[in-house]
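Now for the letters of each chain:
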Amino acid sequence: MISPDGITLIAQYLSVHPEGVLPTGLSFTPSTSSFADPKDDPGYWSHLREIKKCENFVEITGEIGDVVLMHPLMMHSASKNYTRFPRIITNPPVALREPFNFARQDPTEHNLVELKTLRALGATHFDFKISTERRMVVPARVALQNKILEEEKERLGKAQLK
C-alpha cells in the first residue's frame, strides 16, 4: 500500500530541516536534537500521525519478477497476505553519489526524483543548503546482517585451523 500524497508531506517537512533528520522508529527526529525523548522535540515527525492526513492510498500488485521503483519519500506499508503463496520483498539501502540538487541552473537537468519533489513543494527551483555534516545511517537490519556475516567468517576461519 502506498500513499502518493505523502510525498508532499515529507518533502515539506524535510525542506525546513537542512540540518537533516534521523530515522527513529516510525518517525524522524532532527539530527541536531538534544531531547532525551525524540517525541519532545518540536521537529519530531511521526509517520503514524502524518499518514492520517493522506487521502490517496493505492495497493501495488505485481507478478513474479516484477520490480517496483518508488520515489524515496513515498509513504508505504505492507498489506496483509491472504493468499497461500509467500511474498518476498527487498528494500536495500541505497546511497546517493551526491545530494539531490533542487536549484540546477538548467531545469532540464533535474532527475525525476528532483522534479517530483519540486512539484510537491510547489516550486520550480529550491535553493536547499545542507547545514550540518551528514552521517552514514546503517539500518538495524543491515547492522545485524553484517554482525552475522562477521561471526560466520570468524567461525569458518577457526574451523579451517583444526
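Predicted model, so just to flag it, every value in this text is computed and none were measured.

(A) Region of the structure containing the side chain of Glu114. The topology assignment puts Glu114 in helix H3 (residues 112–121). Among all residues touching Glu114, those that are not within four sequence positions of it are Phe100, Asn101, Phe102, Arg104 and Glu109.

(B) Quick look at the sheet that holds strand E2 (residues 21–23). In space, the three strands of this open sheet follow the order E2-E3-E4, with antiparallel pairing throughout. Edge strands, defined here as strands with exactly one partner in the open sheet, are E2 and strand E4 (45–46). With two bridges joining them, strand E3 (residues 27–30) and E4 adopt antiparallel strand pairing. Bridge pairing links Phe28 to Trp45 in E4. In the packing of helix H1 (residues 6–15) onto the sheet, contacts are made with E2, E3 and E4, and the angle to E3 comes to roughly 15°.

(C) Spatial organisation of the packing of aromatic side chains. Tallied over the full model, the rule gives five aromatic pairs. An aromatic cluster of at least three residues, connected via ring pairs, comprises Tyr13, Phe28 and Trp45.

(D) Broad picture of the pairing of E3. Across the two faces of E3 the burial is the same, with Ser27 and Thr29 and Phe28 and Pro30 all buried. In terms of strand pairing, E2 meets E3 through three bridges, oriented antiparallel. Opposite Val21, over in E3, you have Pro30 as the bridge partner. Counted between consecutive antiparallel strands, the loop separating E2 from E3 contains three residues, among which Gly25 sits at a positive phi close to 70°.

(E) Fine view of the environment of His110. Its location among the elements puts His110 in the loop between strand E5 (75–76) and H3. For the pair His110 and Phe100, spaced 10 residues apart in the sequence, the C-alpha separation amounts to 8.9 Å. With near-sequence residues (within four places) excluded, His110 lies in contact with Asn101, Phe102, Ala103, Arg104, Leu115, Leu118 and Thr124. A polar contact is formed between the side chain of His110 and the backbone oxygen of Asn101, at a distance of 3.3 Å.

(F) Quick look at a nonpolar patch on the surface. Taken together, the side chains of Ile60, Val68 and Met70 define a hydrophobic patch exposed on the protein surface, amounting to about 230 Å² of accessible area. The residue Met70 is located in the loop between helix H2 (47–50) and E5 in this model. Owing to a relative accessible area of 36%, Met70 belongs among the partly exposed residues under this scheme.

(G) How the structure looks around the side chain of Ser46. With respect to the helices, strands and loops of the structure, Ser46 is situated in strand E4. At 3.1 Å, the side chain of Ser46 forms a polar contact with the backbone nitrogen of Arg49. Leave out the neighbours within four places in its chain, and Ser46 touches Leu26 and Ser27.

Cut-offs applied
Residues numbered from 1 in each chain as written. Predicted model: local features only at pLDDT ≥ 70, side-chain atom pairs only at ≥ 80, totals over all residues. Heavy atoms only, no water. Helix = DSSP H or I, 4+ residues; strand = E, 2+ residues; numbered from the N terminus. Contact = heavy atoms within 4.5 Å. Pairing = 2+ DSSP bridges. Axes fitted to C-alpha atoms, helices over the stretch in contact; angles between N-to-C directions. Phe/Tyr/Trp six-rings, centres within 6.5 Å; stacked < 30°, edge-to-face > 60°. Buried < 20%, exposed > 50% of the residue type's maximum accessible area, 1.4 Å probe, protein only. Polar contact = N/O pair within 3.5 Å; in protein donor to acceptor, adjacent residues only side chain to side chain. Patch = residues over 30% accessible without salt bridge, like charges linked within 9 Å, V, L, I, M, F, W, Y side chains within 5 Å. Areas by Shrake-Rupley, 256 points an atom, 1.4 Å probe, with all protein chains shown as cover. Salt bridge = Lys/Arg side-chain N within 4 Å of Asp/Glu carboxyl O.

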